[in-house]
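Coordinate analysis (summary)
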Amino acid sequence: QIMDTVTIGQPAAVIFDSLFVQDVSCFGLCDGFITFTGLGGGEGNIVLTSIPALNPNIGNNGFIEACQGNYTVLAVDEGNDCTYSLGSHEIIEPAELIMTVTAEDITCFGANNGSISVECAGGTGDIDLSINDSLMVCGALLDSLAPGIYEIMLIDESQCFTSSLFELTEPEEL
């Protein structure tokens, strides 16, 4: 009777030291990223992939251009064709900056009595409001305005911004 001992080994697992997830900086952008440090182990070259698909970073140790969403990261060991889950990671984005503008046109030719008021919401932290490059307080009334085009801009603490142009008109001269 011949007996041999057979040992069935398990391939070395893919490991990493730490993970860094950077959320999206401003509403609507896709500038988040996921980076692994100390990625190693396995039997051969390690290739990262994600579901849904993301673009790899230059070091091939993570992903760039991530929009808001949940991403499952997989490591494929090309040495043994094994796939390992490195977890599911959420990328979040801040709230959209929203302006609600109330504008009143000039009532009579030459009266220069137009007004603009802007309510501000969303974004991250405090919001700066400017009208034609003059700083204002959200909700305050800017009055005694002449006809013309006014640029309204909101900027939050993360330097995210939104802007819009509003035109105040006046009736024709009689």
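So, here's what we can say about the structure. (Residues numbered from 1 in each chain as written. Predicted model: local features only at pLDDT ≥ 70, side-chain atom pairs only at ≥ 80, totals over all residues. Heavy atoms only, no water.)

A closer look at the overall build of the chain
Using the following cut-off: Segments assigned H or I by DSSP are reported as helices when at least four residues long, segments assigned E as strands when at least two residues long, and all are numbered from the N terminus. Computation of the radius of gyration draws on C-alpha atoms alone. For the globule rule, the value is 2.2 Å times the number of residues to the power 0.38. Whether two residues are in contact is decided by their heavy atoms, any of which lying within 4.5 Å being enough. All accessibility values rest on the Shrake-Rupley procedure with a 1.4 Å probe; residue burial counts only the protein chains present in the view.
When helices and strands are tallied, the chain shows zero helices and 16 strands. In terms of C-alpha radius of gyration, the chain reaches 28 Å, well past the compact-globule figure of 16 Å for 174 residues. Taken along the three principal axes of its C-alpha coordinates, the chain extends 120 × 25 × 25 Å. Look at the contacts in the chain between residues 6 or more apart in sequence, and 53% of them connect residues 24 or more apart. Accessible area for the chain stands at about 10700 Å²; split by element, carbon and sulfur atoms hold 52% of it.

A closer look at the state of the cysteines
Filter applied, for reference: Disulfide: a pair of cysteine sulfur atoms within 2.5 Å of each other. Relative accessible area decides the class of each residue, using a 1.4 Å probe on protein chains only: under 20% of the type maximum gives buried, over 50% gives exposed, and in between gives partly exposed.
Applying the stated criterion across every chain yields a total of three disulfides. Two residues, cysteine 26 and cysteine 160, share a disulfide whose sulfurs are 1.8 Å apart. Taking the torsion about the S-S bond as the criterion, the cysteine 26 to cysteine 160 disulfide, at about -90°, is left-handed. Remark: cysteine 160 occurs in the loop between β15 (148-156) and β16 (161-168) and cysteine 26 occurs in the loop between β2 (18-22) and β3 (32-37); sequence separation between them is 134 residues. There is no split in this pair, since cysteine 26 and cysteine 160 are both buried. Note on cysteine connectivity: cysteine 30 is disulfide-linked to cysteine 67, with sulfurs 1.7 Å apart. Taking the sign of the S-S torsion, about 95° here, the bridge from cysteine 30 to cysteine 67 comes out right-handed.

Let's talk about the sheet that holds strand β13 (residues 134-136)
The following threshold applies: For two strands to count as paired, DSSP must find a minimum of two bridges between them. To define axes, lines are fitted to C-alpha atoms, for helices over the stretch in contact only, and angles between the resulting N-to-C directions are given on a 0 to 180 degree scale.
Reading across the sheet, the four strands line up as β13-β12-β15-β16 and stay open at both edges, with antiparallel pairing between neighbours. Edge strands, defined here as strands with exactly one partner in the open sheet, are β13 and β16. Averaged over neighbouring strand pairs, the angle between their axes works out to 25° when direction is ignored.

Some thoughts on the packing of aromatic side chains
The following threshold applies: Side-chain rings of Phe, Tyr and Trp, where Trp is taken by its six-membered ring, are said to pair if the distance between their centres is within 6.5 Å; with planes under 30 degrees apart they count as stacked, over 60 as edge-to-face, and otherwise as tilted.
Here the structure, examined in full by the defined rule, presents two aromatic pairs. Each ring, one from phenylalanine 16 and one from phenylalanine 36, has its centre 4.9 Å from the other, and the planes form 75°; the classification is edge-to-face. With phenylalanine 16 in the loop between β1 (14-15) and β2 and phenylalanine 36 in strand β3, the pair connects residues that are 20 residues apart, well separated along the chain. On the accessibility criterion, phenylalanine 16 (31% relative accessible area) is partly exposed.

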